[in-house]
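One letter stands for each residue in the lines below.
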Amino acid sequence: MDAQRIELTSWESTELLRTRSVGRVCVIDHGYPLAIPINYQVVGSKDDVSIVVRTAPHTILGRYEGLASLEVDDVDLEFGTAWSVILRGTLRRIAGEHALPDPSRLVTDNRQQWITLTKSAISGRRFVVRKAVDGFSVAWQLAPA
């Protein structure tokens with residue numbers, strides 16, 4: 001496959017994250033990377049962006065603090081569009097009173113542990129998918145503004 005890689009700007013990547021509420025947080029557990037599906041909400045603006053999550057306190061995510069990343073993707077084969085954003089930063093548990101928004105959760109029971117992923121870097125790509133004889137092929141291109 002011949003693909004030309006085009007990176008999105010930081011603000012484009014952040015705005016794409018704001019359009020979704022489901023992604024995967026990646027942490028290290030027992031020396032191995034682990035991707036955990038989550039519901040999230042983006043808070044902040046410009047370069048001061050964080051991801052807010054609620055989870056159960058006894059889960060891997062509820063006990064974890066440290067370096068982590070969030071990956072969010074969107075693939076629409078019907079319209080031939082796709083994008084992927086990765087936000088890297090530090091995951092911290094939040095204790096006590098706070099003014100964080102409550103992200104929409106698919107699972108609601110025992111979700112008492114609030115966590116934030118504070119951005120240190122963000123990157124994203126957009127690409128176009130077209131049908132090929134043997135399935136699908138991907139060609140990277142800059143998204144229209």
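All of the points below concern the structure found in this document.

1. With respect to the overall build of the protein chain
Okay, step 1: Helix and strand counts for the protein chain stand at 2 helices and 8 strands.
Okay, step 2: For the protein chain, the α and β elements follow one another from N to C terminus as α-β-β-β-β-α-β-β-β-β.
Okay, step 3: In the protein chain, 62% of the contacts between residues at least 6 apart in sequence involve partners at least 24 apart.

2. Quick word on unusual backbone geometry
Okay, step 1: Positive phi, normally seen in glycine, also occurs at histidine 30, with a value near 55°.
Okay, step 2: Along the chain, the position of histidine 30 falls in the loop between β1 (22-29) and β2 (32-39).

3. Digging into the pattern of salt bridges
Okay, step 1: Under the counting rule described, the total for this entry stands at 6 salt bridges.
Okay, step 2: Arginine 125 is the partner of glutamate 7 in a salt bridge, and the nearest nitrogen-oxygen pair spans 3.4 Å. Here the residue glutamate 7 occupies a position in the segment before α1 (10-18), and arginine 125 occupies one in strand β7 (residues 113-132), the gap between them amounting to 118 residues.
Okay, step 3: The exposure class of glutamate 7 is partly exposed, given its relative accessible area of 35%.
Okay, step 4: For arginine 125, a relative accessible area of 25% gives the class partly exposed.
Okay, step 5: Among the charged side chains, a network of salt bridges with common partners joins Arg24, Glu71 and Asp73.

Reading the values: rules and limits
Residues numbered from 1 in each chain as written. Predicted model: local features only at pLDDT ≥ 70, side-chain atom pairs only at ≥ 80, totals over all residues. Heavy atoms only, no water. Helix = DSSP H or I, 4+ residues; strand = E, 2+ residues; numbered from the N terminus. Contact = heavy atoms within 4.5 Å. Salt bridge = Lys/Arg side-chain N within 4 Å of Asp/Glu carboxyl O. Buried < 20%, exposed > 50% of the residue type's maximum accessible area, 1.4 Å probe, protein only.

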